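Examination of the molecular architecture
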Amino acid sequence: MDSDCIFCQIVAGDIPANVVAETDDAVAFLDANPLTPGHTLVIPREHYHRLNDVPDDVAAEVLGLLHDVVPAVEAAVDAPATTVAFNNGEAAGQEVPHVHGHIVPRSGDDGQRPIHALFDDRPGVGDEEMDEIAAAIQAER
Ligand code: 5GP
Ligand code: ZN
């Protein structure tokens, strides 16, 4: 546990939260400042900063709980869809340094945009560079 971490304090019960589901290694609770009603966060109990830091077994459990909770969130707030996303690192907008997946209930008429709308335009990556990037990712795994 990182005693400075707000999500570790939630896991420890030192800060109250609306917990909606939990497993041995993961917890789901309502976001205190929801983007839409039902906005839920799913975290590992242990403190890991980014997805990259999470061990395989814990990652599987976090994704498993996320998968379990998504339909329950949608049903609870009568939403036909959800945006599911991780801000993975400060450069991507992560503010709480304890890895967490967001489940944000959506409706077709909520006036908000898809994740693609984070970017104004696309860089137009050519075929050769696409091949190089794919090969580099394969080599890094
Ligand atoms: P991030 O920008 O790091 O991806 O998202 C952090 C999220 O945590 C935000 O949506 C914010 O509303 C939520 N949050 C911050 N502090 C607390 C808290 O003390 N309790 C709960 N339940 N959510 C929090
Ligand atoms: Zn933490």
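Residues numbered from 1 in each chain as written. Chains lettered and ligands numbered in written order. Predicted model: local features only at pLDDT ≥ 70, side-chain atom pairs only at ≥ 80, totals over all residues. Heavy atoms only, no water.

Side note on the site of ligand 1
By nearness alone, 16 residues border ligand 1, and D31, N87, E95, H100 and H102 come closest of all. Within the side chain of D31, an N or O atom sits 2.4 Å from an oxygen atom of ligand 1. Burial of ligand 1 by the protein chains amounts to 81% of its free accessible area of 520 Å². Looking at the shell around ligand 1, the elements with two or more residues in it are α1 (6–11) and β2 (26–30). For the shell around ligand 1, the element with the highest residue contribution is α1, accounting for three residues. Its residues assigned to classes, the shell around ligand 1 shows eight nonpolar, six polar and two charged. (Near = heavy atom within 4 Å. Polar contact = N/O pair within 3.5 Å; in protein donor to acceptor, adjacent residues only side chain to side chain. Areas by Shrake-Rupley, 256 points an atom, 1.4 Å probe, with all protein chains shown as cover. Helix = DSSP H or I, 4+ residues; strand = E, 2+ residues; numbered from the N terminus. Nonpolar A, V, L, I, M, F, W, Y, C, P; charged D, E, K, R; others polar.)

Quick look at the environment of N52
Along the polypeptide, N52 turns up in the loop between β3 (40–44) and α2 (56–77). Measuring from C-alpha to C-alpha, the distance between N52 and G89 comes to 9.5 Å, with 37 residues separating the pair along the chain. A distance of 2.9 Å separates the side chain of N52 from the side chain of N88, its partner in a polar contact.

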